[in-house]
Amino acid sequence: MAVTKTITKCTPYVNSSSKVDKWDIEMKYENDNKGDSTYWTSTFSTTVNQLDDDGNANFTLKAKGSWTNANLVAICPVSLWDVVFASQVDSVITNPPVESTPDEAFNVPS
């Protein structure tokens, strides 16, 4: 399964010191190619504050122009998204639900 992960949207929140203190990030996952029977896509999103609820730093404050794609990917919960996406592909593509068909000829036993 060839999975492509692409950041499709990222919005920085800049503080009064011109440093990013929060990001809204969207990442699109794609399995194989559009049109293939194994194709699946899903978009994940997250908001990452510079400080977590306990006051620990999720990332270092820096100007928005100093951020790279790798920096943005690094603050996303990619390992969680990988598991969710793999589960989606498994349940929809690899092991889809079996569809049942009605047996209209069945007679109730007496």
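Everything here concerns the structure above.
Residues numbered from 1 in each chain as written. Predicted model: local features only at pLDDT ≥ 70, side-chain atom pairs only at ≥ 80, totals over all residues. Heavy atoms only, no water.

**What to know about the state of the cysteines**
A complete count under the given rule lists 0 disulfides for this structure. In this model cysteine 76 remains outside any disulfide bridge; the closest cysteine sulfur is found in cysteine 10, 9.0 Å from its own. For cysteine 76, a relative accessible area of 8% translates into the label buried. (Disulfide = S-S within 2.5 Å. Buried < 20%, exposed > 50% of the residue type's maximum accessible area, 1.4 Å probe, protein only.)

**Side note on the environment of proline 77**
Mapped onto the elements of the fold, proline 77 is located in the loop between helix H1 (69-74) and helix H2 (78-94). Separated by 29 residues in sequence, proline 77 and valine 48 place their C-alpha atoms 9.7 Å apart. (Helix = DSSP H or I, 4+ residues; strand = E, 2+ residues; numbered from the N terminus.)

**Overview of the pattern of salt bridges**
Using the criterion set out here, one finds 2 salt bridges in the structure. In this structure, aspartate 82 engages lysine 5 in a salt bridge whose closest nitrogen and oxygen atoms are separated by 2.9 Å. Taken as a pair, aspartate 82 in helix H2 and lysine 5 in strand S1 (residues 3-14) lie far apart in primary sequence, 77 residues in all. Overall, lysine 5 belongs to the partly exposed group, its relative accessible area being 39%. As a salt-bridge pair, lysine 28 and glutamate 30 come within 3.9 Å of each other at their nearest N and O atoms. Using a relative accessible area of 27% as the deciding quantity, one classes lysine 28 as partly exposed. Judged by its relative accessible area of 22%, glutamate 30 is partly exposed. (Salt bridge = Lys/Arg side-chain N within 4 Å of Asp/Glu carboxyl O.)

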